[in-house]
Amino acid sequence: MNKNYIFREFECGLSVEETAELCLKTARTIKDWDRGKTIPPECKRLMRMTKGRELSASDKWENFRMHYEKLELPTGQLVTAQQVLTGIALLEIGSFNDLKNAARILKYARALRDMM
């Protein structure tokens, strides 16, 4: 077993076909990677991002990961999109200290939720 195979199969949980479709490559190219040919960095990153192993290249997201439908915080806590959006909305409402802005904040939170 090659380290590329382990990365694709076990770390990212991608089949040969899924990887080929994701990276716009042929199944034969993916099998070559599995045998040791270098995976292009952009494909490796795409594979990580697709399976939630990497959210962004920015250092600000370094210890955040996706686990299926939940975001893992650097503390290890898993939160749903709704929990994140509720927390953002509550912070915003509290910081504005003005309930007139609550509708605008909730609209913003719903838009963020729909993007996830």
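Attention in this report is confined to the structure presented alongside it. From a predicted model like this one, the values you see are computed outputs, not experimental measurements. (Residues numbered from 1 in each chain as written. Predicted model: local features only at pLDDT ≥ 70, side-chain atom pairs only at ≥ 80, totals over all residues. Heavy atoms only, no water.)

Okay, the side chain of D34 next. Within the fold, D34 resides in helix α3 (residues 27-34). What makes D34 buried here is its relative accessible area of 13%. If we skip the residues at most four places from it in the chain, D34 touches N2, N4, Y5, R8 and V16. (Helix = DSSP H or I, 4+ residues; strand = E, 2+ residues; numbered from the N terminus. Buried < 20%, exposed > 50% of the residue type's maximum accessible area, 1.4 Å probe, protein only. Contact = heavy atoms within 4.5 Å.)

Formed by F7, C12, L14, V16, A20, C23, I30, W33, I39, C43 and M47, the largest nonpolar core amounts to 11 residues. Elements with a minimum of two residues in this core: α2 (16-23), α3 and α4 (41-50). Considering every element that reaches this core, the biggest residue donor is α2, with three residues. With near-sequence residues (within four places) excluded, M47 lies in contact with F7, R8, C12, L14, T19, L22 and C23. (Core = buried A, V, L, I, M, F, W, Y, C linked by side-chain atoms within 4.5 Å.)

The next subject is the sheet that holds strand β3 (residues 78-79). As summarised here, the arrangement of the three strands in space is β1-β2-β3, forming an open sheet in which the pairing is antiparallel. Edge positions in the sheet fall to β1 (65-67) and β3, since each has one partner strand and no second. Sheet analysis places strand β2 (residues 70-72) next to β3, joined by two bridges and oriented antiparallel. Bridge pairing links E72 to L78 in β3. (Pairing = 2+ DSSP bridges.)

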